[in-house]
Amino acid sequence: HADRRAYYYCVLALVRHADDPEPLIAEGRWHGIVLDAPRGANGFGYDPYFFLPALNASVAELDPAVKNASSHRAIALKQLLARLREDA
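Residues numbered from 1 in each chain as written. Predicted model: local features only at pLDDT ≥ 70, side-chain atom pairs only at ≥ 80, totals over all residues. Heavy atoms only, no water.

> How would you summarise the pattern of salt bridges if you had to cite specific residues and measurements?
Where charged atoms from two side chains of opposite charge come close, those side chains can pair. Tallying each qualifying case throughout the model produces 6 salt bridges. Arg-16 is the partner of Asp-20 in a salt bridge, and the nearest nitrogen-oxygen pair spans 3.1 Å. For Asp-20, a relative accessible area of 13% corresponds to the buried category. Glu-27 is the partner of Arg-29 in a salt bridge, and the nearest nitrogen-oxygen pair spans 3.7 Å. (Salt bridge = Lys/Arg side-chain N within 4 Å of Asp/Glu carboxyl O. Buried < 20%, exposed > 50% of the residue type's maximum accessible area, 1.4 Å probe, protein only.)

Encoded structure:
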């Protein structure tokens, strides 16, 4: 049986000025399982093949608001915002 685990990955880097010696870096991973057959009609790319056990749906089955609030990009952005608050 093949291991079907996978994740989407996003890295954000905030460079505050051209000579910024320490840009803020944040990352987000969205863990799921690769499906054999597509499910859902929303999203793009691999979304119909990426199943999220915690939500019991493929990314393409999610309401866009749910996807945008919980995706790898959202995770990275939340982390970046937290680092900005710490840095302030």
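> Lay out the nonpolar core in plain terms, naming residues and giving numbers.
Membership of the largest hydrophobic core is limited to 7 residues, which are Tyr-8, Trp-30, Phe-50, Leu-52, Ala-57, Val-59 and Leu-62. In this view, Tyr-8 contacts Gly-28, Arg-29, Trp-30, Tyr-46, Asp-47, Phe-50, Val-59 and His-72; residues no more than four positions away in its chain are not counted. (Core = buried A, V, L, I, M, F, W, Y, C linked by side-chain atoms within 4.5 Å. Contact = heavy atoms within 4.5 Å.)

> Outline the packing of aromatic side chains, listing residues and values.
Under the criterion given, the structure shown has 4 aromatic pairs. Note on Tyr-7 and Tyr-9: the rings are 6.4 Å apart at their centroids and 70 degrees apart in plane angle, and the pair reads as edge-to-face. Here Tyr-8 and Phe-50 contribute two aromatic rings whose centre-to-centre distance is 4.3 Å and whose plane-to-plane angle is 20 degrees, an arrangement assigned as stacked. You can see Tyr-8 sitting in strand S1 (residues 5-14) and its partner Phe-50 sitting in strand S3 (residues 50-52), a full 42 residues away along the chain. Through successive ring pairs, a cluster of aromatic residues spans Tyr-8, Trp-30 and Phe-50. (Phe/Tyr/Trp six-rings, centres within 6.5 Å; stacked < 30°, edge-to-face > 60°. Helix = DSSP H or I, 4+ residues; strand = E, 2+ residues; numbered from the N terminus.)

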